[in-house]
Amino acid sequence: MTSSSTKSARRILLKLSGEALGGATQFGIEPPILAEMARNIIAIKDQGVQVALVIGGGNIFRGAALQKAGMDRTVGDHMGMLATVINGLAMRDELIRQGANCVLMSAQGIASITEQYAAQRGREILEQGSVLIVAGGTGSPFFTTDTAAVLRAVELQCDEVLKGTKVDGVYTADPMKDPNAIKFDSLTYKEVLAHELEVMDLTAFALARSHHMRIRVFSMINDGALLRAALGEDEGTLISD
């Protein structure tokens, strides 16, 4: 587990899909959902946990169809990274309106609306008690927001990556399709690979494994699950050494 000699509190990186902000349609931003997520994040911060946040951009831009139609992959990825900035702006605004200190940084710095991402500055923001939102992906095409989340967690010296999903952990099969699927309470990195479980894309997972970054997969839907996961309680599925 990555740690810092100066880190004074538990520090997590919360990875959310952009689609989660869109509600049932998974598109756009639903204000009630945004507000509820912000309330949950503030509740975590109020427990003394330092919170960094990475949000995907799939609710704003989905490039797969356009790429099949001939759009250049690099162009599509840059559009997707900009979509994460839009979501970051929305979340920052909501957190501030609810009384939290929040800073938005981006790998693709947009001087008038974000800070340029820098790991040392990000760690300072977290130590000061502000929520840190990191947008813009890795800053390079061909990498997913899962990879960006793990990379930022390593750089920011977080204790865990929390990946919020629609299901309450990792299962032997898709529980939405297979009623006999069995949930894992914990897994090692080797077991994830041996069972060919789709926790994150391989680049993100390999990065987490090489840096011993713990990953906790949990349900964003279950009441209280986010707070329990953030506090390190037995919630969802924990993946570690």
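It should be noted that the structure appears before, not after, this text.
Here the structure is a predicted model, which means the values were calculated and not measured.

Conventions adopted
- Within each chain, residues carry numbers counting from 1 in the order of the written sequence.
- The model is predicted, so local features are restricted to residues of pLDDT at least 70 and side-chain atom pairs to those at 80 or more, both for listing and for counting; the totals for chains, interfaces and linings are taken over all residues.
- Hydrogen atoms and water are omitted, and side-chain values are computed over all heavy atoms in the structure.
- Runs of E in the DSSP output that reach at least two residues are strands. Runs of H or I that reach at least four are helices, and both are numbered from the N terminus.
- A simple rule labels every residue: compare its accessible area, found with a 1.4 Å probe on the protein chains alone, to the largest value its type can have, and call it buried under 20%, exposed over 50%, or partly exposed in between.
- For this analysis, residues touch if any pair of their heavy atoms sits within 4.5 Å.
- Areas reported here follow the Shrake-Rupley algorithm with a probe of radius 1.4 Å; residue values treat only the protein chains shown as occluding.
- Residues counted as positive are Lys and Arg, residues counted as negative are Asp and Glu, and His and the chain ends are not counted.
- A single reference atom marks each charge: NZ on Lys, CZ on Arg, CG on Asp, CD on Glu.
- Think of each axis as a best-fit line through the C-alpha atoms, taken over the contacting stretch in the case of a helix, with angles from 0 to 180 degrees between the N-to-C directions.
- Put simply, a crossing is left-handed when the front helix is turned counterclockwise from the back one by less than a right angle, and right-handed when it is turned clockwise.
- Each residue gets one of three labels, nonpolar for Ala, Val, Leu, Ile, Met, Phe, Trp, Tyr, Cys and Pro, charged for Asp, Glu, Lys and Arg, and polar for the others, Gly among them.
- Here, the term nonpolar core denotes a set of buried Ala, Val, Leu, Ile, Met, Phe, Trp, Tyr and Cys residues that are joined through side-chain atoms within 4.5 Å.
- Pairing between two strands is assigned when DSSP locates at least 2 bridges connecting them.

## Notes on the overall build of the protein chain
So, step 1. When helices and strands are tallied, the protein chain shows eight helices and 11 strands.
So, step 2. For the protein chain, the C-alpha atoms occupy an extent of roughly 50 × 50 × 35 Å along the three principal directions.
So, step 3. For the protein chain, with 241 residues in total, the buried portion stands at 49%.
So, step 4. Looking at the protein chain alone, contacts between residues at least 24 apart form 70% of all its contacts between residues at least 6 apart.
So, step 5. As displayed, the protein chain has an accessible area near 11,200 Å², and 53% of this comes from carbon and sulfur atoms.
So, step 6. Where the 23 positive side-chain charges of the protein chain centre and where its 28 negative ones centre are 3 Å apart.

## Some remarks on the packing of helix α1 (residues 31-46) against helix α3 (residues 73-97)
So, step 1. Where α1 contacts α3, the two axes come as close as 9 Å, and the packing angle between them is 65°. Handedness of the crossing formed by α1 with α3: right-handed. Contact residues: L34, A35, M37, A38, I41 and I42 in α1; A90, M91, E94 and L95 in α3.
So, step 2. Within the contact of α1 with α3, the residues separate by chemical class into nine nonpolar, no polar and one charged.

## So, the nonpolar core
So, step 1. Core analysis: the biggest nonpolar cluster contains 33 residues, and L156, V170, V199, I215 and I239 have the highest contact counts within it.
So, step 2. For this core, the elements supplying multiple residues, two or more each, are β2 (50-55), β3 (102-106), α4 (119-127), β5 (131-135), α5 (145-155), α6 (189-194), α7 (202-210) and β10 (214-219).
So, step 3. If you tally residues by element for this core, the top one is α5, at four residues.
So, step 4. Within the second largest apolar cluster, 30 residues are counted, among which are I44, V85, L104 and I133.

## Side note on the sheet that holds β5
So, step 1. With mixed pairing, nine strands are arranged side by side in an open sheet as β4-β3-β5-β2-β1-β6-β10-β11-β9. Each edge of the open sheet carries a strand with a single partner, namely β4 (115-116) and β9 (186-188).
So, step 2. When β2 meets β5, the two strands line up parallel, connected through two bridges. Note that in β5 the partner of A52 across the bridge is L132.
So, step 3. Packed onto the sheet, α1 meets β1 (11-16), β2 and β5 and runs at close to 150° relative to β2.

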